[in-house]
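Understanding the architecture of this molecule
Residues per chain are reported as follows:
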Amino acid sequence: MAKLLHPKATAVWLVDNTTLTFKQIADFVGMHELEVQGIADGDVAVGVKGFDPVANNQLTQAEIDKAEQNPLLRLHVKFNPAAAGEEKRRGPRYTPLSKRQDRPASILWLVKFHPELSDGQIAKLVGTTKPTIQAIRERTHWNIANIQPIDPVALGLCKQSELDATVQKAAAKRAAEGSVMTDDERRKLVSTEQSLGMDIEPKIPTAIEGLETFTLSGSRDRDEEARPERDISDANSFFNLPAGGGDDDDEDEDDFRR
């Protein structure tokens, strides 16, 4: 479907030069009916010069005349064969000058946290070139020592929905190829909506990690089994007194009397 050039300026021209209803003009230019009424009242599009759709081969005068006689008739943009294929453009996305210096940081973030993305996918997301991506992958970029990975969504280089769609597409392609992914790579392939909906898993502090299965009951039982049983029927054997202790006691008593 052909798109209209300068919708607001076209609406200004139609309001000033035709007797079309506000709804007809709004449907044709893709605006709200109240906004078209604001143009007629002089509250909207003040200072905007009208754009003639008839002179610019977007509408015919005959169709305007029919629509003026029938308020229910809708206008349609005239098909222009010369504009066929102009909607789909190839190549990297345009990045404003103020954000171009942030592209290396976003590329490093994508390379680090989403290695499944191809160079072409990264180039479309942040609007860069494949040689730049390759230089950052191989760490041969001239400023690689000063580049810190930053999320391209946070930098405003792409939308979160675009990043999620690209990651899911890369995951589907990798799964179709049959390659084995690690657990960390699977977590990275989850979209933001899915990750936010997951329950938080309890984590064991690193200070006691590995001790969750440690117990003293087993070692205590083994020590008791290995220790021989003592006969505690005799008091001397219980306290492990040396043999012949009675004679020593008598000698001590004799010394005390002296």
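Let us look at the structure shown here. Since the structure is predicted, the reported quantities are computational estimates derived from the model, not experimental observations.

1. Things to note about the overall build of the chain
A count of helices and strands for the chain gives 14 helices and 0 strands. Its helices and strands taken in sequence order, the chain reads α-α-α-α-α-α-α-α-α-α-α-α-α-α from the N to the C terminus. A buried classification covers 26% of the 258 residues belonging to the chain. Intrachain contacts of the chain at a sequence separation of at least 6 include 59% that bridge at least 24 residues. As displayed, the chain offers around 19200 Å² of accessible surface, 52% of which is attributable to carbon and sulfur atoms.

2. Considering the nonpolar core
Residues Ile-107, Leu-110, Leu-117, Ile-122, Leu-125, Val-126 and Leu-163 are the most contacted members of the largest nonpolar core, which totals 21 residues. Ranked by residues supplied to this core, first place goes to helix H5 (residues 103-113) with 6 residues. Excluding anything up to four places from it in sequence, Leu-110 contacts Pro-115, Leu-117, Ile-122, Leu-125, Val-126, Pro-152 and Leu-163. By size, the runner-up hydrophobic cluster in this structure holds 19 residues, among which are Leu-20, Ile-25, Met-31 and Ala-45.

3. Observations regarding the side chain of His-141
As for its position among the elements, His-141 is in the loop between helix H7 (130-137) and helix H8 (152-155). A relative accessible area of 13% means that His-141 is categorised as buried. Within polar-contact distance, the side chain of His-141 engages the backbone nitrogen of Asn-143 at 3.0 Å. Not counting residues up to four positions away in its chain, the partners in contact with His-141 are Thr-132, Ala-135, Ile-136 and Ile-147.

4. Observations concerning the pattern of salt bridges
Where side chains of opposite charge bring their charged atoms close, a pairing between them can arise. One pass over the full model with this rule turns up 4 salt bridges. The salt bridge involving Glu-35 is made with Lys-8; its shortest N-O contact spans 4.0 Å. Here Glu-35, found in helix H3 (residues 33-41), pairs with Lys-8, found in helix H1 (residues 7-17); they are 27 residues apart in sequence, far enough to count as distant. Given a relative accessible area of 29%, Glu-35 falls into the partly exposed group. Taking the relative accessible area as the measure of exposure, Lys-8 reaches 35% and is therefore partly exposed. One salt bridge in this structure joins Arg-74 and Asp-27, with 4.0 Å as the shortest N-O distance. Pair noted here: Arg-74 is in the loop between helix H4 (61-69) and H5 and Asp-27 is in helix H2 (residues 22-29), with a separation of 47 residues, a long-range link. Among the residues examined, Asp-27 registers a relative accessible area of 33% and is labelled partly exposed.

Basis of the calculations
- All residue numbers refer to position in the chain's written sequence, counted from 1.
- In view of the model being predicted, local features appear only for residues whose pLDDT reaches at least 70, and side-chain atom pairs are presented and counted only at 80 or more, with totals across whole chains, interfaces and linings using the full set of residues.
- To get the side-chain values, all heavy atoms of the structure are used, and hydrogens and water are removed first.
- A run of H or I in DSSP counts as a helix once it spans at least four residues, and a run of E counts as a strand once it spans at least two, with each numbered from the N terminus.
- Burial classification: accessible surface area is computed with a 1.4 Å probe over protein chains only, and a residue below 20% of its type maximum counts as buried, one above 50% as exposed, and the rest as partly exposed.
- For this analysis, residues touch if any pair of their heavy atoms sits within 4.5 Å.
- Residue burial considers only the protein chains on display, and all accessible areas are found by Shrake-Rupley using a 1.4 Å probe.
- Side-chain atoms within 4.5 Å link the members of a nonpolar core, which is a set of buried Ala, Val, Leu, Ile, Met, Phe, Trp, Tyr and Cys residues.
- Between N or O atoms, a polar contact is any pair within 3.5 Å; within protein, one atom must be a potential hydrogen donor and the other a potential acceptor, and residues adjacent in sequence are included only when both atoms are from side chains.
- In what follows, salt bridge is the name for a side-chain nitrogen of Lys or Arg lying within 4 Å of a carboxyl oxygen of Asp or Glu.

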